[in-house]
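For reference, the chains in residue letters:
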Amino acid sequence: MKQPNKQSRERRYDSVEGMRLLRHLAEEGDVDARKDLADRLIKGNGCPFDRAEGMRWLCLLAEGDGRGEDDRMVKEARQKIADCLFGSRSRLADPKEGIRLLRQWAEKGDNWARRELEKQLLQRGASPKNQARGIRLLRRWAEQGDGWAMGKLAQHLIAGIYCPADLAEGLRLLRQSAETVNDEWEAWKAHNIMINILLDPDCEVADRQEGMRLLRQNAEKYQFEVLGRLIDQLLDGSGCEADHEEGMRLLRQSAEEGKKWAQEELAYRLLEGRGCEADREEGIRMLRLIAERDDDDSMARHARWDLAEYLLGENTYPDDPEEEVELLRRFAELGMNWAQMDLADRLFEGRLCKANPEEAMRYLRLAAQADSPRGRDARIQLAGRLLEGRGCPANHEEGLNLLRQLAEEEAEDSEWLRRELITRLFEGDGCEANPEEAMKWLRRLAEGDGYPAKCAQLELAERLIDGLGCEADPEEGMSLLRRCAASGENEAMKKLPGRLIDGRGPAADPEEGMRLLRQYAQEGEDWAMLELADRLLKGRGCQADPEEGMKWLCYLAGEDYWKSNDARKILADRILAEHGYPAHPTDTLKLLRLYTKKGEVKALIKLADRLIDESGRQ
């Protein structure tokens, strides 16, 4: 084979040629090329530094006069310019020019530029002149009906920052801002400031009735913290007349809806008699609900120790691991499900205590008796330990029966448990193999709609076709495989053409298989394009057609998604081999040159990058 000339390979990397190509594309208006060129000139990446020229290209991008730019690209260019001009360590720092550009973009209606300009003019340490200019701009934008500017100006007027304080004018602007601004978060911030002022008894413009009206209005809209604040106001009478009945009604309603903060607040208010009549029994019941949560968050952990304190009548927070384990035993004996599970795990693993599998199994069985999601988790763990003999003597019959019971129940994880039961019965994993029962469960699982059901349908089809673990029924299996593929199941779509072309089924039908493969390729399935190209190039299962195979390979190689990398490697190998080069999957320069002949802009930019970057050398 002809050996490549090393010097000719070195000459393929030419930064001057690459920069010429980038400049040409940028001058024609291509935004990707402008962005790449500006970045290289500013950083000196593959070319000499020319920061002024780089900023010129960035400004062209920021003006939005290129070909194919979008709002996101324009905003990114403007942000990059601002970073360069306002950066304290930037060699291009020029705050005056930055202010000029920001004002120019702000006048064109760019909301980001307005916010950035306000930040630069009114930041700490800014000159009094700039601060006065910032306030004037906010006033002008507010007069033009900008809700954000109204809110910002109102905050300065209320606090008396950079301008004389005017509480009444600030409140007026806040009301207008909340009614005008389109952003819900900005509207809530305006309302929140108003509520704080109106409910402050020491404020000269306090209006409790108006403040409570706004608080109720926002509580209905935003819930969570706002609703919690309304409840606190009603129960504690802070800033308004207390209304215990209304406050407790809202708190109980939120707790019944499953809101965690409401359950915690209700529990402690009932236990302490804070803002309501004390009810120890109801408070402890609510605290138990929090303590038994499956998500095991910090609120639940605190509730467990507090619950123990109320039940055991002492401060029980442990100081060392031994005390903690002993306390867990006391909780477990009181019937607390979370303590039984935690203690069982520690005793199985010997974590912070001496391992004791027998005691651990006792507590795990106690936890498994609970009719709750945590009790179900305990039963799942118990079944696995019994089947595998982990930490206890194996009991295959009991473990399998427990797994059957769990699979019978209708729960979120039932399909996955049926999947595990099927696998164990087919493979004899932790129990005696029973293919007949496994097939019954597999058929039942295949009747569902979820992802495990889709997997079961595909497995059932293949087992029926090949007679794996059951009596073969190729016709039913192929029929099911076709239905799976027709429903859009990706794995079935991949397997069906291959079985038809290669004859791995009841009857070979290469024509039908190739028709399906072409159909999937035309629908944009990358795996189908690659498979079709490979079969046509090699004549595998069909008549060889290198021309059509290369067409599919070239099309796939030109796409942007990850699968195109495989196609590019194969295509690069073939092109390089045809020109006397040894096949090398990582060398795509020839491939990029092929695209430049078609005039594809992205390929031209990539070719320029490869010519400039020394990192591309082989």
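No experiment lies behind these values; they were computed from the predicted model shown.

To continue, consider the overall build of the chain. Each helix and strand counted, the chain has 33 helices and 0 strands in total. For the chain, the residues scored as buried account for 45% of the 618 residues in total. In the chain, the proportion of contacts linking residues at least 24 apart, taken out of those at least 6 apart, comes to 40%.

As a further point, take unusual backbone geometry. A positive phi is found at Tyr 162, a non-glycine position, where the angle reads about 65°. By secondary structure assignment, the location of Tyr 162 is in the loop between helix H9 (147-159) and helix H10 (167-180).

Relative to the 18 Å expected for 13 residues at 1.5 Å per residue, helix H3 (residues 31-43) spans 18 Å between its end C-alpha atoms, a close match to the ideal helical length. Residues of H3 that are buried include every one of Val 31, Ala 33, Arg 34, Asp 36, Leu 37, Ala 38, Arg 40, Leu 41 and Ile 42, and no others. Sitting at the amino-terminal end of H3 is Asp 30, which places a side-chain oxygen 3.2 Å from the backbone nitrogen of Asp 32.

Let us look at the confidence of the model for the chain. Counting all residues, the mean pLDDT for the chain is 79, and 81% of those residues have values of 70 or more. Considering only residues more than four positions removed or in separate chains, one finds that residues 594-598, a stretch of pLDDT under 50, has 10 contacts. When the criterion is pLDDT under 50, residues 614-618 qualifies, and its contacts beyond four places in sequence or with other chains add up to 10 contacts.

In the structure shown here, the tally under the stated rule is 51 salt bridges. A salt bridge links Arg 346 to Asp 342; its shortest N-O distance comes to 3.1 Å. One end of the pair is Arg 346 and the other is Asp 342, both in helix H19 (residues 337-349) and 4 residues apart, which spans about a single turn. The class for Arg 346 is buried, based on a relative accessible area of 6%. Note on Asp 342: relative accessible area 24%, which makes it partly exposed. Among the ionic pairs, Arg 424 bridges to Glu 388, the shortest N-O distance being 2.7 Å. Of this pair, Arg 424 sits in helix H23 (residues 414-427) while Glu 388 sits in helix H21 (residues 373-388); the two residues are 36 residues apart in sequence, bridging distant segments of the chain. A residue is classified by how much of its surface remains accessible, and Arg 424, at 4% relative accessible area, is buried. Classification of Glu 388 by relative accessible area gives partly exposed; the value is 41%. Here the salt bridges share partners, and the residues they tie into one network are Asp 502, Glu 531, Asp 534, Arg 535, Lys 538 and Arg 540.

Before going further, it helps to spend a moment on the packing of H19 against helix H20 (residues 357-368). As a packed pair, H19 and H20 sit with axes 8 Å apart at the nearest point and diverge in direction by 155°. Taken as axis vectors, H19 and H20 run roughly antiparallel relative to one another. In terms of crossing hand, the pair formed by H19 and H20 is left-handed. Side by side, H19 and H20 meet where Asn 337, Gln 340, Met 341, Leu 343, Ala 344, Leu 347 and Phe 348 of the first sit next to Pro 357, Glu 359, Ala 360, Met 361, Tyr 363, Leu 364, Leu 366 and Ala 367 of the second. Its residues assigned to classes, the contact of H19 with H20 comprises 12 nonpolar, 2 polar and 1 charged.

With that out of the way, let us pick up the packing of helix H4 (residues 51-63) against helix H5 (residues 71-86). Packing of H4 against H5 brings their axes to within 8 Å, and their N-to-C directions diverge by 140°. Relative to H5, the element H4 lies oblique. Seen along the crossing, H4 lies across H5 with a hand that is left-handed. Contacts from Met 55, Leu 58, Cys 59, Leu 61 and Ala 62 in H4 reach Met 73, Val 74, Ala 77, Arg 78, Lys 80, Ile 81, Cys 84 and Leu 85 in H5. Each residue belonging to the contact of H4 with H5 can be placed in one class, and the counts come to 11 nonpolar, no polar and 2 charged.

Moving on, we get to a positive patch on the surface. Among the surface-exposed residues, Lys 96, Arg 103, Lys 129 and Arg 136 lie close enough to one another that they form a single positively charged patch. Relative to the elements of secondary structure, Arg 136 occurs in helix H8 (residues 128-143). A relative accessible area of 52% means that Arg 136 is categorised as exposed.

This part is about the state of the cysteines. Where two cysteines share a covalent bond between their sulfur atoms, that bond is called a disulfide. For the structure on display, the rule yields 0 disulfides. In this structure Cys 455 is a free cysteine whose sulfur lies 10.0 Å from that of Cys 484, the closest cysteine sulfur available. The class of Cys 455 is partly exposed, set by a relative accessible area of 27%.

For helix H25 (residues 451-466), built from 16 residues, the straight-helix expectation of 22 Å at 1.5 Å per residue is met to within 8% by its first-to-last C-alpha distance of 23 Å. Buried residues of H25: Pro 452, Ala 453, Ala 456, Gln 457, Leu 458, Glu 459, Leu 460, Ala 461, Arg 463, Leu 464 and Ile 465, and no others. The secondary structure elements touched by the buried residues of H25 are H23, helix H24 (435-446), helix H26 (474-486) and helix H27 (490-502). Following H25 by one or two positions, Gly 467 adopts a phi angle in the positive range, close to 65°.

Before going further, it helps to examine the packing of aromatic side chains. Applying the stated criterion across every chain yields a total of 1 aromatic pair. With a centroid separation of 5.7 Å and 50° between ring planes, the pair formed by Tyr 520 and Trp 527 is classed as tilted. Trp 527 gets classed as buried once you look at its relative accessible area, which sits at 12%. Directly above the aromatic system of Phe 49 lies the positively charged group of Arg 51, at a separation of 4.5 Å from the ring centroid. Of note, Arg 385 hangs over the ring of Phe 348, and the distance from its end group to the ring centre comes to 3.6 Å.

As a further point, take the environment of Leu 364. For Leu 364, the location among the structural elements is in helix H20. Accessibility expressed as a relative area gives 0% for Leu 364, which makes it buried. Spatially, the C-alpha atoms of Leu 364 and Gly 375 are 9.2 Å apart, while their sequence positions differ by 11 residues. Ignoring sequence-local partners within four residues, the contact set of Leu 364 consists of Met 341, Ala 344, Phe 348, Ala 378, Gln 381, Leu 382 and Arg 385.

On to the environment of Arg 51. Assignment of secondary structure puts Arg 51 in helix H4. Through-space distance from the C-alpha of Arg 51 to that of Asp 39 is 9.2 Å; in sequence the pair is 12 residues apart. In this view, Arg 51 contacts Leu 41, Ile 42, Arg 91 and Leu 92; residues no more than four positions away in its chain are not counted.

Reading the values: the criteria
Residues numbered from 1 in each chain as written. Predicted model: local features only at pLDDT ≥ 70, side-chain atom pairs only at ≥ 80, totals over all residues. Heavy atoms only, no water. Helix = DSSP H or I, 4+ residues; strand = E, 2+ residues; numbered from the N terminus. Buried < 20%, exposed > 50% of the residue type's maximum accessible area, 1.4 Å probe, protein only. Contact = heavy atoms within 4.5 Å. Expected span 1.5 Å × (residues − 1). Polar contact = N/O pair within 3.5 Å; in protein donor to acceptor, adjacent residues only side chain to side chain. pLDDT = per-residue confidence, 0-100. Salt bridge = Lys/Arg side-chain N within 4 Å of Asp/Glu carboxyl O. Axes fitted to C-alpha atoms, helices over the stretch in contact; angles between N-to-C directions. Parallel < 35°, antiparallel > 145°, perpendicular 65-115°, else oblique. Left-handed = near helix turned anticlockwise from the far one by under 90°. Nonpolar A, V, L, I, M, F, W, Y, C, P; charged D, E, K, R; others polar. Patch = residues over 30% accessible without salt bridge, like charges linked within 9 Å, V, L, I, M, F, W, Y side chains within 5 Å. Areas by Shrake-Rupley, 256 points an atom, 1.4 Å probe, with all protein chains shown as cover. Lys, Arg positive; Asp, Glu negative; His and termini not counted. Charge placed at Lys NZ, Arg CZ, Asp CG, Glu CD. Disulfide = S-S within 2.5 Å. Phe/Tyr/Trp six-rings, centres within 6.5 Å; stacked < 30°, edge-to-face > 60°. Lys NZ or Arg CZ within 6 Å of the ring centre and 35° of its normal.

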